[in-house]
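Chain and residue survey
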Amino acid sequence: MLNIGVVGFGFMGRMHYRCWKGRDDAKIVAICDINENVVEDSKKAVGNVAGAEEAIDFSGINIYPDLGKMLAQEKLDVVSITLPTFLHADSTVQALETGVHVLCEKPMSLHVPECERMIAAAKDSGKILQIGHCLRFWPEWAVARQIVADGKYGKLLAASFRRLSAPPTWSHENWLMNQQRSGGVELDLHIHDSDYVQYLLGTPRAVCSFGAKGAGGGLAHIVTQYLYDDNMVITAEGGWAMAPSFGFEMSMNIILEKATIVYDCTRDPAFKVCPVDGDAFTPEVPSGDGYIRQIDHLVRLINGESLPPVTTLEQSLNSIKIVEAEKESIRTGGIVSIK
Ligand SMILES: NC(=O)c1ccc[n+]([C@@H]2O[C@H](COP(=O)([O-])OP(=O)(O)OC[C@H]3O[C@@H](n4cnc5c(N)ncnc54)[C@H](O)[C@@H]3O)[C@@H](O)[C@H]2O)c1
């Protein structure tokens, strides 16, 4: 039985709670949150993805306001770090140094040197650090990547990705709308697609981005073209300036020579393969969602299973570099190479 601690019990902390709670080989024994009203506040529905709203059973769970105390007093095997992004690096390193495995939410951190510090701490500790790039584990998105890799429908010609939401209003002290703390829409929301593009096609040679600024001066909406040598047209659009009644859209179109793969969470069915010859169909996908499946992957690694690497720390760091290049492209108005 793995003893689990959840650090930061907001929207994502409750999402991780749901996933850990659903396993019979893990037990949540501790929660760390600076908010002294965390029990009461956990009854409020927050976030832009369903799953974090179920009632929390706090019995048998010790609550700590401070990570150091929690790590000193509990015998933990794994912590989920679901803190605001500016706290990822320090808390991850602290947890690894006390000898626990860490699942840290995306983005890995705000800046490359902090990511490098996290990678070094993971190597020194001999513990597993996994970054929560859940889209790589999202059943339909994992199957879409497999279909592309199989090559049955020919070469990939183009792909487009969209992730659009109303402004996130739920975060602790509004940290999400603070560029210094969240990295803005590009690092918080749009990175899901930059990372998936990397997962699907490898690192682009360069990016060309355009951005619209929001009221606070940071970006509110970003569109990027990822440049590859073989003329594939790959774009991703991310924004959190949609009107509140819009809700949330995560979608993609992957255009292959002999089929188009479509996912759009606002449609039913959300997932379709449309072959050039024949009717559209929805492929079978594994059960669970990306959050459940990424935790399952981590547990299997902890148990010593040898698995194909779905996500590596170097790739998580690389996603930060790609987004940094996108920001540089917006700043300079030019194409920026990925080093
Ligand atoms: N994978 C995804 O789909 C996804 C979706 C949303 C957010 N995220 C990521 O999850 C992380 C958390 O985002 P969120 O939306 O849950 O934010 P949130 O504001 O809802 O939750 C953060 C929690 O951390 C607590 N906290 C703040 N400072 C603390 C400290 N020093 N010690 C202990 N607790 C502290 C807050 O009280 C709050 O409960 C971010 O990195 C974000 O980018 C990932």
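The structure presented is a predicted model; accordingly, all values stated were derived computationally and were not measured.

So, on to the site of the ligand. Of all residues adjacent to the ligand, which total 25 residues, the nearest are Gly8, Gly10, Met12, Ser171 and His172. Considering every element that reaches the shell around the ligand, the biggest residue donor is helix α1 (residues 11–21), with three residues. Of the residues in the shell around the ligand, the class split is 12 nonpolar, nine polar and four charged. Structurally, the shell around the ligand is a two-domain feature, drawing no fewer than three residues from each of domain 1 (2–132) and domain 2 (136–286 + 309–337).

Judged by nonpolar contacts, the single largest core of 73 residues is most densely connected at Val102, Ile254 and Ile295. Counting residues per element, this core draws most heavily on α1, which supplies six residues. In terms of domain composition, this core takes at least three residues from each of domain 1 (2–132) and domain 2 (136–286 + 309–337). If near-sequence neighbours (up to four positions away) are discounted, valine 102 is found in contact with Val79, Ile81, Thr92, Ala95, Leu96, Lys127 and Leu129. Ranked by size, the runner-up nonpolar core spans five residues in total, among them Val185, Leu189, Leu219 and Trp240.

Now for the pairing of strand β12 (residues 259–264). When strand β11 (residues 248–256) meets β12, the two strands line up antiparallel, connected through five bridges. Residue pairing for β12: serine 251 is matched across the bridge by aspartate 264. Hairpin geometry of β11 and β12 is characterised by an intervening segment of two residues between the two adjacent antiparallel strands. Bridge count between β12 and strand β13 (residues 271–275): five bridges; the pairing is antiparallel. In the strand pairing of β13, tyrosine 263 is matched with phenylalanine 271. Remark: six residues form the turn of the hairpin made by β12 and β13, two consecutive strands paired antiparallel.

Once that is clear, we can look at the sheet that holds strand β6 (residues 129–132). Across a sheet, strands are paired by hydrogen bonds formed along the backbone, either parallel or antiparallel in direction. The strand order across the open sheet formed by six strands is β3-β2-β1-β4-β5-β6, and the pairing between neighbours is parallel. In the strand order of this sheet, the two ends are held by β3 (62–64) and β6, each with one partner. When strand polarity is set aside, the average angle formed by the axes of neighbouring strands in this sheet is 25 degrees.

The mixed open sheet is built from eight strands, whose spatial order is β13-β12-β11-β7-β10-β9-β8-β14. Each edge of the open sheet carries a strand with a single partner, namely β13 and β14 (336–337). Set on the sheet, helix α6 (residues 139–150) makes contact with β7 (156–165), β11, β12 and β13; between it and β12 the angle comes to about 170 degrees. The strands touched by helix α9 (residues 191–201) are β7, β9 (219–227) and β10 (233–239); relative to β10, the strand with the most contacts, the crossing angle is about 160 degrees.

Now for α6. In this model, α6 (12 residues) spans 16 Å end to end at C-alpha, consistent with the 16 Å of a helix rising 1.5 Å per residue. When α6 is considered as a whole, its buried residues turn out to be Glu140, Trp141, Ala144, Arg145 and Val148. Viewed end-on, α6 has its buried residues packed into an arc of 140 degrees, placing them on one side of the element. Seen from the open side of α6, the exposed residues pointing more than 90 degrees away from its buried face are Gln146, Ala149 and Asp150. Each element contacted by the buried residues of α6 is listed here: β7, α9, β11, β12 and β13. Looking one or two places after α6, you find glycine 151, whose phi comes out positive at around 80 degrees.

Basis of the calculations
Residues numbered from 1 in each chain as written. Predicted model: local features only at pLDDT ≥ 70, side-chain atom pairs only at ≥ 80, totals over all residues. Near = placed C-beta within 6 Å. Helix = DSSP H or I, 4+ residues; strand = E, 2+ residues; numbered from the N terminus. Nonpolar A, V, L, I, M, F, W, Y, C, P; charged D, E, K, R; others polar. Domains from an automatic or database assignment. Core = buried A, V, L, I, M, F, W, Y, C linked by C-beta atoms within 7 Å. Buried ≥ 20, exposed ≤ 12 C-beta atoms within 10 Å, placed from the backbone. Contact = placed C-beta atoms within 7 Å. Pairing = 2+ DSSP bridges. Axes fitted to C-alpha atoms, helices over the stretch in contact; angles between N-to-C directions. Expected span 1.5 Å × (residues − 1). Arc of directions from axis to C-beta.

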